[in-house]
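Fold and geometry: a report
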Amino acid sequence: MTTAADPRRRPRGPAWAGRNYSLLTAAAFVTGLGSQGALIAAAFAVLQAGGDGGDVGLVAAARTLPLVLFLLIGGAVADRLPRHRVMVAANALNCVSQGAFAALVLVGEPRLWHIMLLAALGGTGQAFFSPAAEGMLLSSVEGEHAGRAFAVFRMAMQGAGLGGAALGGALVAVVGPGWVLAADAVAFAVAGALRAGLDVSHIPARVPGGGLLTDLREGWREFSGRPWLWGVVLQFSIANAVVGAADAVYGPLVADEHLGGPGPWGLALGFFGAGTVAGALLMTRWKPRRLLLAGTLGVFPLALPSAALAVPVPVTVLCAVMFLTGVTLEVFGVSWMTAQHLCERNLLVWLTTWYSERTGGTSKVRTGPDWPDCRPRRLRANSALARA
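Residues numbered from 1 in each chain as written. Predicted model: local features only at pLDDT ≥ 70, side-chain atom pairs only at ≥ 80, totals over all residues. Heavy atoms only, no water.

**Some remarks on a nonpolar patch on the surface**
Keep this limit in mind: Only residues whose relative accessible area exceeds 30% and that take part in no salt bridge are eligible for patches, with like-charged residues grouped when within 9 Å of each other and nonpolar side chains (Val, Leu, Ile, Met, Phe, Trp, Tyr) grouped when within 5 Å. Residue exposure ignores everything except the shown protein chains as possible cover, and the areas themselves are Shrake-Rupley values with a 1.4 Å probe. Salt bridge, as applied in this entry: a Lys or Arg side-chain nitrogen positioned within 4 Å of an Asp or Glu carboxyl oxygen. In DSSP terms, a helix is any run of H or I states spanning at least four residues, a strand is any run of E spanning at least two, and both are numbered starting from the N terminus.
Together, Leu-106, Val-107, Leu-167, Leu-171, Val-174, Val-175 and Trp-179 give the surface a local cluster of nonpolar side chains, amounting to about 720 Å² of exposed area. Within the residue set of the nonpolar patch, elements represented by two or more residues are α3 (83-107) and α5 (146-175). Here the element with the most residues in the nonpolar patch is α5; it accounts for four residues. Structurally, the position occupied by Leu-167 is in helix α5.

Shown next, in the form of structure tokens:
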């Protein structure tokens, strides 16, 4: 005998949290938990092997350089291949590189060039992962709840980073960096398994066209033709370079010499993670009218942690600075993701409007400070000619 479904029964989650969104959020939580601890472990592994601040900087540069070199290529690859496969392959590469790094630390003294090579592999994996992951997340959410969905996603990711930083710093001090790196490798394996279950059937197949270089040229034309886009990217690239140096090199070095080692630095990173969670929670309630303005203003406080380390301030003051910076950084993160989501929607509106203008229709375009101009350059020029 069958029973009728209870109409009062509520769904397990909000309507906008579909299967893909849930898998992406769970995978981001797992990798965030491992990666923040691994960030501390990698720096102190170099220091414990006899390296200095310069060696830690070389390892950070070895990871950053391939990330910069291959990021555009990674975006083109993510446009050509199923995104979930690109993400899983990148996770597999990160899993192998971190596992090898952990083995080197656990079985003996790793050489600097070994660590740099493995860091470069990790940066390469991240370069191919990031564009595919961002595109997959943007396609997993629809409607007016996008801003809240992105805030919840980032709150889960940053909450994991909060726990990972605090736990990682403590574990590095107690059991050493090797086991923390091994845990990060396991986290990448679990995240890859989750992302393998993503459904990409709703993503339209790519229309056959030009080669990879043609895609890169077209992408550069579209990017350089939007001042709001390249301006924000340039601003955050500079800020991220400074913050990355502070997190990967300067912070561990100051902590080792003045603050008491990996434990206090892990605590400071934990407060940064708590700030990002608070910022994401704020963005679930606050919808800035001018997304890009609110986001870019949130980038400026990123200078505070570097200034605090330069003094250096006591651990309690550093933790307060890190918390505040985490809040403002998350305002930027959620605003930026929401603006990109609006950009995708706006592009569809512009395509419809352009077609109406060319065929004598009367379609109108909604504009406003939260709707950046996302038209391809060709359509912008043709629309201007049509209006003239």
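**Brief notes about the packing of helix α2 (residues 53-80) against helix α4 (residues 112-139)**
Keep this limit in mind: Axis angles are defined between N-to-C directions and span 0 to 180 degrees, where every axis is a line fitted to C-alpha atoms and, for a helix, only to the segment in contact. To sort the angles, those under 35 degrees are grouped as roughly parallel, those over 145 as roughly antiparallel, those from 65 to 115 as roughly perpendicular, and the leftovers as oblique. Note: crossing handedness is left-handed where the near helix turns anticlockwise from the far helix by less than a right angle, and right-handed where it turns clockwise. Side-chain classes are defined by residue name, with Ala, Val, Leu, Ile, Met, Phe, Trp, Tyr, Cys and Pro counting as nonpolar, Asp, Glu, Lys and Arg as charged, and the others, Gly among them, as polar.
Orientation of α2 relative to α4, taken along the N-to-C sense of each, is 30°, at an axis distance of 6 Å. The angle between the axes of α2 and α4 places the two elements in the roughly parallel class. Handedness of the crossing formed by α2 with α4: right-handed. Looking at the contact of α2 with α4 residue by residue, the class counts come to 19 nonpolar, seven polar and two charged.

**Some details on the environment of Ala-320**
Tracing the sequence through the fold places Ala-320 in helix α12 (residues 315-359). Sequence separation between Ala-320 and Ala-268 is 52 residues, and the spatial gap between their C-alpha atoms is 8.3 Å.

**Notes on the environment of Phe-223**
Test applied: The buried label goes to any residue with under 20% of its type's maximum accessible area, the exposed label to any with over 50%, and the partly exposed label to all in between, with areas taken from a 1.4 Å probe on protein chains only. By definition in these notes, contact holds between two residues if any of their heavy atoms fall within 4.5 Å.
Looking at the secondary structure, you find Phe-223 in helix α7 (residues 212-224). Relative accessible area serves as the criterion here: at 25%, Phe-223 is assigned to the partly exposed category. Separated by ten residues in sequence, Phe-223 and Val-233 have C-alpha atoms that sit 10.0 Å apart. Look past the residues within four positions of Phe-223 in its chain and what remains in contact with it is Leu-229, Trp-230 and Val-233.

**Regarding unusual backbone geometry**
The linkage connecting Val-311 with the following residue, Pro-312, adopts the cis geometry, with an omega of -15°. Following the sequence through the fold, Pro-312 ends up in the loop between α11 (303-310) and α12.

**Topic: the side chain of Thr-31**
To keep things clear, this is the line we draw: A 3.5 Å cut-off defines polar contacts: any pair of N or O atoms within that distance qualifies, except that in protein one atom must be a possible hydrogen donor and the other a possible acceptor, and neighbouring residues in sequence count only when both atoms are side-chain atoms.
Looking at where Thr-31 falls in the secondary structure, it is placed in helix α1 (residues 19-48). A distance of 3.2 Å separates the side chain of Thr-31 from the backbone oxygen of Ala-28, its partner in a polar contact.

**Let's talk about the packing of α5 against helix α9 (residues 262-285)**
One way to put it is that α5 packs onto α9 with a least axis distance of 8 Å and a crossing angle of 170°. The orientation of α5 relative to α9 falls into the category roughly antiparallel. A class-by-class count of the residues in the contact of α5 with α9 yields 16 nonpolar, nine polar and three charged.

**Observations concerning the side chain of Asp-184**
Filter applied, for reference: Lys and Arg are tallied as positive, Asp and Glu as negative. Neither His nor the chain termini are counted.
For Asp-184, the position within the fold is in helix α6 (residues 177-195). Buried charged residue Asp-184 carries no salt bridge. Nearest counter-charge: Arg-63, at 7.5 Å. Sequence-distant contacts of Asp-184, that is, excluding residues within four places in its chain, are made with Thr-31, Gly-34, Ser-35, Ala-38 and Gln-98.

**Side note on the nonpolar core**
Generally speaking, a soluble globular protein has its nonpolar side chains buried in company with each other. Spelled out, the test is: Think of a nonpolar core as a cluster: buried Ala, Val, Leu, Ile, Met, Phe, Trp, Tyr and Cys residues, connected wherever their side-chain atoms sit within 4.5 Å.
Core analysis: the biggest nonpolar cluster contains 45 residues, and Phe-101, Leu-181, Trp-265, Leu-318 and Met-322 have the highest contact counts within it. At nine residues, α1 tops the list of elements feeding residues into this core. Not counting the four nearest positions on each side in its chain, Phe-101 is found in contact with Ala-42, Ala-45, Ile-115, Leu-118 and Leu-181. By size, the runner-up hydrophobic cluster in this structure holds 22 residues, among which are Tyr-21, Val-77, Ala-78 and Leu-137.

Treat this as a map of the structure, not an account of what it does.
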